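# Summary of the model geometry
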There are 2 protein chains.
Amino acid sequence: MSILVRGTAVVQRAEDGVVPHADVVIEGRRYEAILPSGGATEEFDRVVDGEGCLLVPGLVNAHTHLAMALFRGLARDLPLDRWLANEIWPRERKLTAKDVYWGSLLGLAEMIRGGTTAFADMYFFMDEVGRAVEEAGLRALLSYGIIAPTPERIEPELKRAEELVRTWEGAADGRIRTAFSPHAPLTCSADGWRRAAALARENRVPIHTHLAETEQEVERIRAETKHSPAEWLEELGVFSIPVIAAHCVHLSEKDIEILAAHGATAVHCPTSNLKLAAGIAPVQEMLRGGVNVALGTDGAASAGDLNMIEEMRLAALLAKHRARDPGALPPGEALRCATTRGAIALGLGKELGTIEPGRRADGVLVRMNGLHVCPGYDPLADLVYAAQGLDVEAVFVDGRPLLLKGEIQTLDVDEIKGRCRQLARRFR
Amino acid sequence: MSILVRGTAVVQRAEDGVVPHADVVIEGRRYEAILPSGGATEEFDRVVDGEGCLLVPGLVNAHTHLAMALFRGLARDLPLDRWLANEIWPRERKLTAKDVYWGSLLGLAEMIRGGTTAFADMYFFMDEVGRAVEEAGLRALLSYGIIAPTPERIEPELKRAEELVRTWEGAADGRIRTAFSPHAPLTCSADGWRRAAALARENRVPIHTHLAETEQEVERIRAETKHSPAEWLEELGVFSIPVIAAHCVHLSEKDIEILAAHGATAVHCPTSNLKLAAGIAPVQEMLRGGVNVALGTDGAASAGDLNMIEEMRLAALLAKHRARDPGALPPGEALRCATTRGAIALGLGKELGTIEPGRRADGVLVRMNGLHVCPGYDPLADLVYAAQGLDVEAVFVDGRPLLLKGEIQTLDVDEIKGRCRQLARRFR
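Just so we're clear, the structure is a prediction, and the values are computed from it rather than from any experiment. (Residues numbered from 1 in each chain as written. Chains lettered and ligands numbered in written order. Predicted model: local features only at pLDDT ≥ 70, side-chain atom pairs only at ≥ 80, totals over all residues. Heavy atoms only, no water.)

### Comments concerning the overall build of chain A
On a plain count of helices and strands, chain A comes out with 16 helices and 17 strands. A compact globule built from 428 residues should have a C-alpha radius of gyration of about 22 Å, and chain A, at 21 Å, falls within 12% of that. Residue burial in chain A is summarised as follows: out of 428 residues, 67% are buried. Long-range pairs, those at least 24 residues apart, make up 72% of the contacts in chain A between residues at least 6 apart in sequence. A total of about 14400 Å² of accessible surface is found on chain A, and carbon and sulfur atoms cover 47% of it. Put simply, chain A has 49 plus and 60 minus side-chain charges, and the middle of one group is 4 Å from the middle of the other. (Helix = DSSP H or I, 4+ residues; strand = E, 2+ residues; numbered from the N terminus. Rg over C-alpha atoms; globule rule 2.2 N^0.38 Å. Buried < 20%, exposed > 50% of the residue type's maximum accessible area, 1.4 Å probe, protein only. Contact = heavy atoms within 4.5 Å. Areas by Shrake-Rupley, 256 points an atom, 1.4 Å probe, with all protein chains shown as cover. Lys, Arg positive; Asp, Glu negative; His and termini not counted. Charge placed at Lys NZ, Arg CZ, Asp CG, Glu CD.)

### Some remarks on the interface of chain B and chain A
With 65 residues of chain B at the contact, the number on the chain A side is 65 residues. Buried area between chain B and chain A, summed over both chains or domains, comes out near 5300 Å², and the portion from carbon and sulfur atoms is 62%. For chain B, the biggest contributors to the area lost against chain A are B:P326, B:L371 and B:Y377; these three give 16% of the whole. Counting across the chain B and chain A interface gives six salt bridges. The closest approach of N and O atoms between A:R313 and B:E310, which form a salt bridge, is 2.6 Å. In this structure, the connection of chain B to chain A is made through 25 residue pairs in polar contact (both at pLDDT 80 or more). Where the side of chain B that touches chain A is concerned, the elements lending two or more residues are α2 (97–113), α9 (270–275), α12 (308–323), α15 (379–385) and α16 (413–424) of chain B. In the side of chain B that touches chain A, the residues fall into 33 nonpolar, 13 polar and 19 charged. (Buried area = accessible area lost by both parts, 1.4 Å probe. Salt bridge = Lys/Arg side-chain N within 4 Å of Asp/Glu carboxyl O. Polar contact = N/O pair within 3.5 Å; in protein donor to acceptor, adjacent residues only side chain to side chain. Nonpolar A, V, L, I, M, F, W, Y, C, P; charged D, E, K, R; others polar.)

### Here's the deal with unusual backbone geometry
In the segment running from A:C374 into A:P375, the intervening peptide bond is cis, with an omega of 5 degrees. In this structure, A:P375 sits in the loop between β14 (363–367) and α15 (379–385). Despite not being glycine, B:A172 has its phi angle at roughly 50 degrees, a positive value. One can find B:A172 in the loop between α4 (154–168) and β9 (176–182).

### Observations regarding the packing of helix α2 (residues 97–113) of chain A against helix α3 (residues 126–136) of chain A
All names here are of chain A. Between α2 and α3, the shortest axis-to-axis distance is 8 Å and the interhelical angle comes to 35 degrees. For the crossing formed where α2 meets α3, the hand is right-handed. Between α2 and α3, the residues in contact are A97, V100, Y101, S104, L105, L108 and I112 and E128, V129, R131, A132, V133, E135 and A136, respectively. Among the residues making up the contact of α2 with α3, the classes are represented as 10 nonpolar, one polar and three charged. (Axes fitted to C-alpha atoms, helices over the stretch in contact; angles between N-to-C directions. Left-handed = near helix turned anticlockwise from the far one by under 90°.)

### Focus on the relation of the copies chain B and chain A
Two copies of a chain can be linked by a rotation about an axis combined with a shift along that same axis. With an RMSD of 0.0 Å, the operation that places chain B on chain A is a rotation of 180 degrees combined with a shift of 0.0 Å along the axis. The symmetry that links the two subunits is that of a two-fold axis. Of all interface residues in chain B, 100% are interface residues in chain A too; the two copies therefore contact each other through one and the same surface. (Least-squares fit on C-alpha atoms with pLDDT ≥ 70 in both.)

### A few points about the packing of helix α3 (residues 126–136) of chain B against α4(B)
All names here are of chain B. Viewed as axis vectors pointing N to C, α3 and α4 meet at an angle of 25 degrees, and their least axial separation amounts to 10 Å. Accordingly, the angle class assigned to the pair α3 and α4 is roughly parallel. Between α3 and α4 lies a crossing whose hand is right-handed. Residue-level inspection shows M126, D127, G130, R131 and E134 of α3 in contact with α4, the latter providing L164, T167 and W168. For the contact of α3 with α4, the per-class residue count stands at three nonpolar, two polar and three charged. (Parallel < 35°, antiparallel > 145°, perpendicular 65-115°, else oblique.)

### A closer look at the UniProt feature "binding site: Zn(2+)" (unreviewed entry) in chain A
Residues and elements named next belong to chain A. Per the UniProt annotation, the sites labelled "binding site: Zn(2+)" (unreviewed entry) are H63, H65, H210 and D298. Of the residues just listed, which span 236 residues, no C-alpha pair is farther apart than 11.7 Å, and they cluster in one region. You can see H63 is positioned in strand β6 (residues 59–64). According to the relative accessible area criterion, H63 is buried, its value standing at 0%. Ignoring anything within four residues of it in the chain, the contact list for H63 reads A120, M122, H208, H210, A246, H247, V267, C269, G296, T297 and D298. There is a polar contact of 3.4 Å between the side chain of H63 and the side chain of H65. (UniProt positions renumbered as here; feature names shortened; annotations may be inferred.)

### Details of the pattern of salt bridges
This structure, assessed with the given rule, holds 54 salt bridges over all chains. With a shortest N-O distance of 3.3 Å, B:R324 and A:E215 are connected by a salt bridge. In this pair, B:R324 sits in the loop between α12 and α13 (331–338) while A:E215 sits in helix α6 (residues 215–225), so the two residues belong to two different chains. Taking the relative accessible area as the measure of exposure, A:E215 reaches 34% and is therefore partly exposed. Through salt bridges with shared partners, one network takes in A:R30, A:R139, A:E351, A:R360, A:D362 and A:D398.

### Observations regarding helix α4 (residues 154–168) of chain A
Along an α-helix, residues three or four apart share an orientation, since each turn contains 3.6 residues. Residue and element names in this part refer to chain A. Compared with the 21 Å implied by 1.5 Å per residue over 15 residues, the 21 Å span of α4 between its first and last C-alpha is a close match. Looking at α4, one finds that the buried residues are I154, E157, L158, A161, E162, L164, V165 and W168. All buried residues of α4 fall inside an arc of 155 degrees around its axis, so they share one side. With respect to the buried face of α4, the exposed residues turned more than 90 degrees away are K159 and R166. Its buried side turned inward, α4 meets α3, β8 (139–146), β9 (176–182) and α5 (190–203). G170 sits one or two residues past α4 and shows a positive phi near 85 degrees. (Expected span 1.5 Å × (residues − 1). Arc of directions from axis to C-beta.)

Written as structure tokens, this is what we have:
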């Protein structure tokens, strides 16, 4: 299929600023050309009107727990440990495959509506998540969350994790890739970490985990191992594999050096970190130290929603606060974390993250003619500091339109909402 | 005119939670009844479908500079002093009455679209702002920003400020009220402050100012007066008048006691404070100390937009971070700051801020059936942690619909956007 996005402003690479008026040509799964507006004269299977819009590379949500959209709004305003132990885990024990399927579809539909084209998900009943991703049309890195604080629990967990990798790696026309997910330093034993890392190496897939989310985690790991969580994982050999480490709120300088030296990605989840009072991650320090910093929402149960435009805004605002410098993380840098750096996190840095001929045609068309982005001196500033998720007009993944005129093309939104409301009754 | 909002969920008072299904009757300018759903059987001039929506008291933006919407996106990412001195003030010197008129209309339209029903504005060319408010239909507290760091500049400034009060107090059917605005501790001399306070007392209107926005302000005032800004204003007798003090980021315990003792309002502007790296205001400490804390956006040039739902969210998130307690500022409290406490700030605490028979019919109907607020266990949590400005469906002020089905009823949105884009060319 060939698509022309006509007369749109374009951000080809987040660091390069905005081309004010262009025709963008998609041929099959890839961008073919970015021409001066009016430059595309051939016939196309579909023409999308980009007038008054801004086309940016697809937003990558580099850390979430998709199906937790089903728990959105439950048990709010609690600290992470009590929230998990008293509210979330008891409900997760009641989750069925069906709940995860519909909860995942809810999360997927919400992400499409808000401009996310790719994401890294860690959860369970992952076959259901895979099925949902196949239908939705997004790009995903899927992993099963291995929870085995004592060594005797590791065997069945690893088996499940490996099954996921065997079943889903490369599925959905290559849109689905997989990872191993030892859940967090505190929830896996040293043995579990070593064996998960060995499996990741053997299967040539990355590791997706939580790291240094709370001060308590850092203190407990230090008490048990005399190391910081990052030091401990390095000692276990985990960083010899590509690592996607969510949160990274409480890092030492040495931890930052470890992440940078091994090419690991830190996924900044600003809303979740504030909402659970975990802290503010040292984004500037990580970027200066050479760490690849991506952005994520975390699950909607902790963050409230799966809105990557909002995460960009909050990341930009918090970086200024933490650095006491209004120049910290300007809009282009925030967008880069949500696009190019997210693509790198998913191991797709050469395929995704920019709008250039030959790159995969993942992109988000954002309507920039609302009152709240007028008069429009600086579209990148308006995108990051003022645009809303509902401004997203169209979404493409691999050249396929998942959203057009704000309407999801691949899923039945009303059915998803209805099913989720019904399933939600069991979790009140 | 009589209006029925049919079958909506309602927050009557932010502290009381949600009535899941009700008929809300507006008669003339006031709420007449809140009935069980299906309870309203008479004829109404207008019936608004509230199915799938949440009706909340009108949001009050207690500190803004409306016409600065015309500067949105300009000169981003600079510290407050350089931003003002090098970027904003030179442009403000070029502003004409016409610019302020259209810039104000842009801000007003944006506020209506996002659910704001009342606001406190401090700027200049205030006759133009008043005209724009008359047309838009919002409720406003208008003031002229008095800037007179040296005593010889005070005379013409006070004259302008007083003219505004004489001309506009009680205008637009009582929707417009006025205040005196010595701009900030650093930008008015002691003499200017005393004389402005005397005029406010004489005219029985409040004072609207900036207070303790940056550390530099606190340090400079302390160097000059040996007092904190709040102590200094107290010594000058300013707090004997109702005071609306924007920002209040850097307050001592004693400052908080001063604000509380005099019944002053602190207006928390979280986005602006982060964006300019001013800091995070001690909201929990102020509330615990008995200060009336309202919310504001500040101008769109500093904050990016005039989105009160976003300010609620950010206020709730930052309070948790600052207090290291996820229980800090729960959704109902954040909404209370944006409604009841905002109404108190504007001196209208007995008329506005709740949805109860006899109260002024200011209200916001928010669509709560989007993907991002599904499944909907807790509408207040969904409103504060997930809803977007564009979810606002209808807005009423004094029983008059300013927005219906997301469409502004009182202003020509396309003309406003077109004019503002044209005027913006001079400010690039």
